[in-house]
Amino acid sequence: MKIHRIDRYCVRLPLRTPFETSYGRLTEKAFDIIIVTDELGNQGFGELVPFEQPDYIEETIDTARIISQKHLIPLLIHTNICHPNDVSALFEVVKGNQMAKSSLETAIWDLYAKRNKKSLKAYFKETRAQIPVGVSVGIQTDLSKLTDLVNGYIDQGYQRVKLKIRPGYDLEPLEAIRHKFPELPLMVDANSAYTIADIPHLKQLDAYNLAMIEQPFAANDFLEHAQLQREIKTSICLDENIRSLKDCELAFSLGSCRSINLKIPRVGGISEALKIIDFCKEKDLLVWLGGMFESGVGRALNLQFASQNIFTFPGDISASDRYYYEDILTEPIKIQNGEIQVPDGIGIGVTLSEEMLLKYGIYEPIFVK
Ligand code: OSB
Ligand code: MG
């Protein structure tokens, strides 16, 4: 197939409530919806997900737009793409910049599935029609507000709760939540906020029956995570420093973690993500699907991908209304009995609402043959 057009909507959606992590506070999510069109007029959708600040990882939405336009799109438009797996090989000459790559690679997977009139999940093995989901809860220094919030999510059916933590906000919120919800599947995410000097403190987290502790140390660290994993009973999960299969191999061989938070955009797209789940299966690492506050396009992709049976642990894949008042789809994604239905249509299975895209964003053609 040949790419004849690439268009985008640059969108900003206000969050229902600000989301606070160890590194900052988000009130609005900026993202681009990428539309690739082939020579037959089929369209594939992708989402460009990096944040505006380089505080989660180094890639930002601005750097990703530059990399896409100057380096990735020129590679795509001069090639006949036989299979979406070709795209990651084509992009290898561009180092890093996984989220920029993923926005295009996933759009081409969607396009390919639509050309073949198949649902995206048809390309994955062993899938199911609905998936169990969890919710990530930002830092709430008012602990009664935190317990109320968690209570609300449990009432909506979320099957697992992830609390964001940071030094000075860890044992107390866990004490409060565990006291009120002793059986709740619970985990924490530090987004790199601790250092090796905190190991004696972090060992106290073993008392809270946590499913895992996500990314306590630096985004480029494997050795200190390995040391903590040797000293703590609770599983360590890596997020920020997993950009490729190679990183999983390194983490596994060093014993840096027992679990991987897999985000398709953080590893450059679907092809690499598929290799990672095969590796995790082989090595008995618990792999689960993370999120990036995606709008409907990225969320639908995550649902397709997480339909694979290997994803038994509930992902950070909430309903559209967990973060946003309105989504950019004609049908927002809803939670029912703690599960979300995987869209059934062709490709990622959702249709864009042009009305919403233009209400919250601006349209720009970026390549026309
Ligand atoms: O560390 O997993 C993370 C959100 C933004 C950036 C990083 C992370 C998160 C989340 C929420 O924890 C993910 C989501 O629900 O989309
Ligand atoms: Mg994380």
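Since this is a predicted model, take the numbers as computed values, not measurements. (Residues numbered from 1 in each chain as written. Chains lettered and ligands numbered in written order. Predicted model: local features only at pLDDT ≥ 70, side-chain atom pairs only at ≥ 80, totals over all residues. Heavy atoms only, no water.)

1. Let's talk about the site of ligand 1
The immediate surroundings of ligand 1 are formed by 17 residues, with D189, N191, K263, F293 and Y323 found nearest. A distance of 3.3 Å separates an oxygen atom of ligand 1 from a polar backbone atom of M292. Split by residue class, the shell around ligand 1 holds six nonpolar, four polar and seven charged. (Near = heavy atom within 4 Å. Polar contact = N/O pair within 3.5 Å; in protein donor to acceptor, adjacent residues only side chain to side chain. Nonpolar A, V, L, I, M, F, W, Y, C, P; charged D, E, K, R; others polar.)

2. With respect to the sheet that holds strand β12 (residues 335-336)
The three strands are arranged β4-β13-β12 in an open sheet whose pairing can be described as antiparallel. With partners counted over all chains shown, the strands left at the sheet margins are β4 (130-132) and β12, one partner each. In terms of strand pairing, β12 meets strand β13 (residues 339-341) through two bridges, oriented antiparallel. Considered in β13, the bridge of I335 is made with I340. (Pairing = 2+ DSSP bridges. Helix = DSSP H or I, 4+ residues; strand = E, 2+ residues; numbered from the N terminus.)

3. Quick word on the coordination of the magnesium ion (ligand 2)
The coordination sphere of the magnesium ion (ligand 2), as far as protein atoms go, consists of D189 (OD), E214 (OE) and D239 (OD), spread over 2.0 to 2.3 Å. Within one chain, the residues serving as donors to the magnesium ion (ligand 2) are arranged as D-x24-E-x24-D. Taken together, the positions of D189 in strand β7 (residues 186-189) and E214 in strand β8 (residues 213-214) put the pair 25 residues apart, joining distant regions of the chain. Neither D189 nor E214 differs from the other in exposure class; each is buried. (Donors = N, O, S within 2.8 Å, 3.2 Å for Na, K, Ca; no water. Buried < 20%, exposed > 50% of the residue type's maximum accessible area, 1.4 Å probe, protein only.)

4. A word on the sheet that holds strand β5 (residues 135-137)
One open sheet holds the seven strands; their spatial order is β5-β6-β7-β8-β9-β10-β11, and the pairing between them is parallel. At either end of the open sheet lies a strand with only one pairing partner, and these are β5 and β11 (286-289). By the bridge criterion, two bridges tie strand β9 (residues 236-238) to strand β10 (residues 259-262) in an arrangement that is parallel. Bridge assignment links L238 to a residue of β10, and that residue is I260. Contacting β5 and β6 (161-164), helix α4 (residues 143-156) runs over the sheet at an angle of about 170 degrees to β5. (Contact = heavy atoms within 4.5 Å. Axes fitted to C-alpha atoms, helices over the stretch in contact; angles between N-to-C directions.)

5. What about the UniProt feature "active site" (unreviewed entry) in the protein?
Listed under "active site" (unreviewed entry) in the UniProt record, and renumbered for this structure, are K164 and K263. Following the sequence through the fold, K164 ends up in strand β6. A residue is classified by how much of its surface remains accessible, and K164, at 7% relative accessible area, is buried. Apart from the residues within four sequence positions on either side, K164 is in contact with F19, E20, T21, S136, V137, G138, I139, Y169, D189 and N191. Here the side chain of K164 touches D189 through a polar contact of 2.8 Å, side chain to side chain. Its relative accessible area of 5% is what places K263 among the buried residues. Discounting chain neighbours no more than four positions away, the residues touching K263 are Y56, D239, G290, G291 and M292. Among the polar contacts listed, one links the side chain of K263 to the side chain of D239, at a separation of 3.2 Å. (UniProt positions renumbered as here; feature names shortened; annotations may be inferred.)

6. Focus on the pairing of β11
Side-chain direction in a regular strand flips from residue to residue, so the side chains alternate between the two faces of the sheet. One ladder, built from four bridges, connects β10 with β11; its direction is parallel. Bridging across to β11, N261 finds its partner in W288. This β-α-β element, β10 to helix α9 (residues 270-283) to β11, shows right-handed connectivity. (Right-handed = clockwise from strand over helix to strand, strands pointing away.)

7. Thoughts on helix α3 (residues 98-115)
For α3, spanning 18 residues, the distance from its first C-alpha to its last is 25 Å, which sits close to the expected 26 Å at 1.5 Å a residue. When you tally the buried positions in α3, you get 17 out of 18 residues, the bulk of the element. K117 occupies a position one or two residues after α3 and carries a positive phi of about 55 degrees. (Expected span 1.5 Å × (residues − 1).)

8. A short note on the UniProt feature "domain: Mandelate racemase/muconate lactonizing enzyme C-terminal" (unreviewed entry) in the protein
The UniProt record annotates "domain: Mandelate racemase/muconate lactonizing enzyme C-terminal" (unreviewed entry) at residues 143-235. Segment residues 143-235 splits into 40% helix and 11% strand. End C-alpha atoms: 25 Å apart.

9. Some points on the nonpolar core
Formed by 96 residues in total, the largest nonpolar core has its most connected members in L163, L262, F305 and I328. Both domain 1 (3-118 + 352-368) and domain 2 (122-341) contribute no fewer than three residues apiece to this core. One finds I6, I77, I81 and F91 within the second-largest nonpolar core, a separate group that totals 24 residues. (Core = buried A, V, L, I, M, F, W, Y, C linked by side-chain atoms within 4.5 Å. Domains from an automatic or database assignment.)

10. Regarding the side chain of R8
Residue placement: R8 occurs in strand β1 (residues 3-21). Within the structure, R8 has its side chain in polar contact with the side chain of E364 (distance 2.6 Å). Beyond its immediate stretch of four places on either side in the chain, R8 contacts D32, I33, I34, R65, Q69, I362, Y363, E364 and I366.

11. A short note on the domain arrangement of the protein
The domain boundaries assigned to the protein delineate domain 1 (3-118 + 352-368) and domain 2 (122-341). The gap between the C-alpha centroids of domain 1 and domain 2 is 23 Å. In total, about 3800 Å² of surface goes out of reach between domain 1 and domain 2, with carbon and sulfur atoms giving 64% of it. Our count for the contact surface shared by domain 1 and domain 2 stands at three salt bridges. With a shortest N-O distance of 2.8 Å, R243 and E58 are connected by a salt bridge. There are 21 residue pairs in polar contact (both at pLDDT 80 or more) connecting domain 1 and domain 2. When contributions to the side of domain 1 that touches domain 2 are tallied by element, the ones reaching two or more residues are β1, β2 (24-38), β3 (43-48), α2 (85-90), α3 and α12 (354-360). For the side of domain 1 that touches domain 2, the leading source of residues is α3, giving nine residues. Class assignment of the residues belonging to the side of domain 1 that touches domain 2 gives a composition of 24 nonpolar, 10 polar and nine charged. (Buried area = accessible area lost by both parts, 1.4 Å probe. Salt bridge = Lys/Arg side-chain N within 4 Å of Asp/Glu carboxyl O.)

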